[in-house]
Each structure stands twice: as structure tokens, then as C-alpha cells.
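Observations on chain architecture
What follows is the residue order along each chain.
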Amino acid sequence: MTSSGLSVSIDTSVAHPARRYDYWLDGKDDFAADRESADAIEKIYPHIRTSARQNRMFLQRAVRYLVEQAGIRQFLDVGTGLPAAGNTHQVAQSIAPQCRIVYVDNDPLVMVHARALLTSSAQGRTAYIEADLREPQTILADETLTGALDLAQPIAVLLVAVLHFLPDDSAAGAAVKSLVDAMAPGSYLVVSHATDDLMDHGSIEALTAAGHVGKTDTTLRGKARGRGVLRRTGDGRAGIADRQRMAA
Ligand SMILES: C[S@@+](CC[C@H](N)C(=O)[O-])C[C@H]1O[C@@H](n2cnc3c(N)ncnc32)[C@H](O)[C@@H]1O
């Protein structure tokens, strides 16, 4: 039974990114394996909780900008995460209640919580698809998506802290490209990604070693490698910045 009283069949013996992230954000929907994995990463990278919180703030700033400044009213949020404070639809609909949001995640627990807790404003809409980013065409063809979003109008695609769970650069680039290609002119792509650019050599080696014994499944990409993944979208304007150097 989860903290929201919902029953769902999940394997709690294996750490999962959503529940580990929940732990770093002081949430309540994580299990022993998630905490063990999260603690192992925190030991090597002590700033991880700050990073998780900063990432969350980046997501909220980006959504706010898109609604207020760019006039976006539709969002495709892939890699939703367990509901936490300030989810995409809450930020968007607090500014424009008619905003429509489709959430996509491959973790069944996330989807159960999302359906229960991520409820829309009366004027807008929220919808949920349990699917994998590695199969973008499945996401795009899902009737839940086509029923909630108008693909002929601009959409903001959010890939916030999710691309680093796709270790293969070609597959990651292809997934981004498929989503971007399906969007109308005037659409936006928002990406945040774990990087090793600002880590010392010892930490990178320790995290890589942890990966080899199954403690982490995150593929760190520096700016150059990340740019390579995004370049496949054919958009030379993609800007990449270090979170530490961005305004809070
Ligand atoms: C670190 S959380 C990020 C949550 C939220 N986007 C944020 O930034 O606050 C990553 C989420 O991506 C999901 N995820 C990981 N790999 C995925 C994949 N291949 N397809 C869809 N979702 C995935 C995990 O289940 C988790 O909920």
C-alpha cells in the first residue's frame, strides 16, 4: 500500500529512479532498495539533494516562463516523477487554468499516484500515459495524448531529468527527435540532464564503478555529449547552461 492509500503491484526490491528522487526530495513513496541506492549515490556525490531540489525549481521556472512569456498552453511532460510540490499542471494552470498537460512515465507506481493526485483545474485537462521514452511513437499515437493535446498547436515537451536514464546516445537522440518532429511550429523543448562536467575525476570514477555494480543507472553526459544528443533534433539553437550558474 502506498502513502496515498493506493494498491499497486510493483517490485520494491529494485531501486527505481522515481522513488530515489522522491527520497532526495524528502517524499514518502520510496522503499529500502531506493534509499540504499540513493544513499550510495549521495555518499559519492554529497550535493545530490540540492541538485534534485534545484532541478525541481528549474522545471517550475521553465513552465512558468512558457506559460507567461511564450504563451504555451499545452505540455507533454515525459518522466513525470512522483507527485511533489509544484507539479507541471499546478504551475501552468495557476497562471492559465485552461492549460492541458499529458504526463508520461514508465513507472506504474508513478502513474497510480499521478492519476490520483495530479488533478486538473476545471477549465484545463490532465491525462496520463504509462509508456517508455524509448518508444516515442507509442507515446505520440496514444489516444490519451491525441485526445488531450492538439498536435497542430504549439506544445512544450518537457524532458526534465529523464534523458540520463537512456544510456545510448543514439537512442536518446532518436527519442528526442521523434517527439520534436511531431510538434507544430512554435513548440518548445525543455531538457535537464545530469552532468559530470563539474565533478572531480575521483567522483566520476566512483559513480561509474557504482553503476557497474548496479547501484546507479544514470548516464552522466557533459555539455559536448549532451549537445550531440540534442543536435539530432536539427535545432542548432539549443542552449545548454550549468544549473549552478543559472539564476534561482
Ligand atoms: C528524476 S525523475 C524526474 C521527475 C520530474 N521530471 C522532475 O524533474 O522533477 C525521473 C523520472 O523519469 C522516469 N523515467 C525513467 N526512465 C524513463 C523512461 N525510459 N521512460 C519514461 N519515464 C522514465 C522515472 O520513472 C522518473 O519518474
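Below or above, wherever it landed, is the structure these notes cover. (Residues numbered from 1 in each chain as written. Predicted model: local features only at pLDDT ≥ 70, side-chain atom pairs only at ≥ 80, totals over all residues.)

1. So, the overall build of the protein chain
Stated precisely, the cut-off is as follows: Runs of E in the DSSP output that reach at least two residues are strands. Runs of H or I that reach at least four are helices, and both are numbered from the N terminus. Here a residue counts as buried when 20 or more other C-beta atoms sit within 10 Å of its C-beta, as exposed when there are 12 or fewer, and as partly exposed otherwise, the C-beta atoms being derived from the backbone. Whether two residues are in contact depends on their C-beta atoms, placed from the backbone: they are in contact if these lie within 7 Å.
In terms of helices and strands, the protein chain carries ten helices and five strands. By the burial criterion, 38% of the 248 residues in the protein chain qualify as buried. If you take every contact in the protein chain between residues at least 6 apart in sequence, the share linking residues at least 24 apart comes to 75%.

2. Re the environment of aspartate 105
Mapped onto the elements of the fold, aspartate 105 is located in strand S2 (residues 100–105). Taking the C-alpha atoms as reference points, aspartate 105 and valine 162, separated by 57 residues in sequence, lie 9.5 Å from one another. In this structure aspartate 105 touches Ala18, Gly79, Thr80, Val110, Met111 and Glu130, once residues within four positions along its chain are discounted.

3. Some points on the site of the ligand
Short version of the rule: Using a C-beta atom placed from the backbone, a residue is scored as near a molecule or strand whenever that atom is within 6 Å of it. Side-chain classes follow a simple rule in which Ala, Val, Leu, Ile, Met, Phe, Trp, Tyr, Cys and Pro form the nonpolar group, Asp, Glu, Lys and Arg form the charged group, and the remainder, Gly included, forms the polar group.
Lining the immediate environment of the ligand, one finds 21 residues, of which Ala18, Gly79, Gly81, Leu133 and Phe165 sit closest. Those elements that provide at least two residues to the shell around the ligand are helix H1 (17–24) and helix H3 (48–68). Grouping the amino acids of the shell around the ligand by side-chain chemistry returns eleven nonpolar, five polar and five charged.

4. Here we look at the sheet that holds strand S1 (residues 74–78)
Selection criterion: By definition, two strands form a pair when at least two bridges between them are found by DSSP. Where helices are involved, their axes are fitted lines through C-alpha atoms of the stretch in contact, as for all axes, and angles between N-to-C directions lie from 0 to 180°.
Pairing within the open sheet is parallel, and its five strands lie in the order S3-S2-S1-S4-S5. Looking at which strands have only one partner, the edges of the open sheet turn out to be strand S3 (125–130) and strand S5 (188–192). Neighbour-to-neighbour, the strand axes of this sheet turn through a mean angle of 15 degrees, independent of strand direction. The pairing of S1 with S2 spans five bridges and is classified as parallel. In the sheet register, phenylalanine 75 faces S2, and the bridge partner there is isoleucine 101.

5. Digging into the nonpolar core
To keep it simple, the criterion reads: Only buried residues count toward a nonpolar core: Ala, Val, Leu, Ile, Met, Phe, Trp, Tyr and Cys, linked into one set through C-beta atoms within 7 Å.
Membership of the largest hydrophobic core comes to 60 residues, with the highest contact counts inside it found for Phe75, Leu76, Val102, Val157, Leu158 and Leu159. Setting aside anything within four residues of it in sequence, one finds valine 157 in contact with Leu76, Leu179, Val180, Met183, Ser187 and Leu189.

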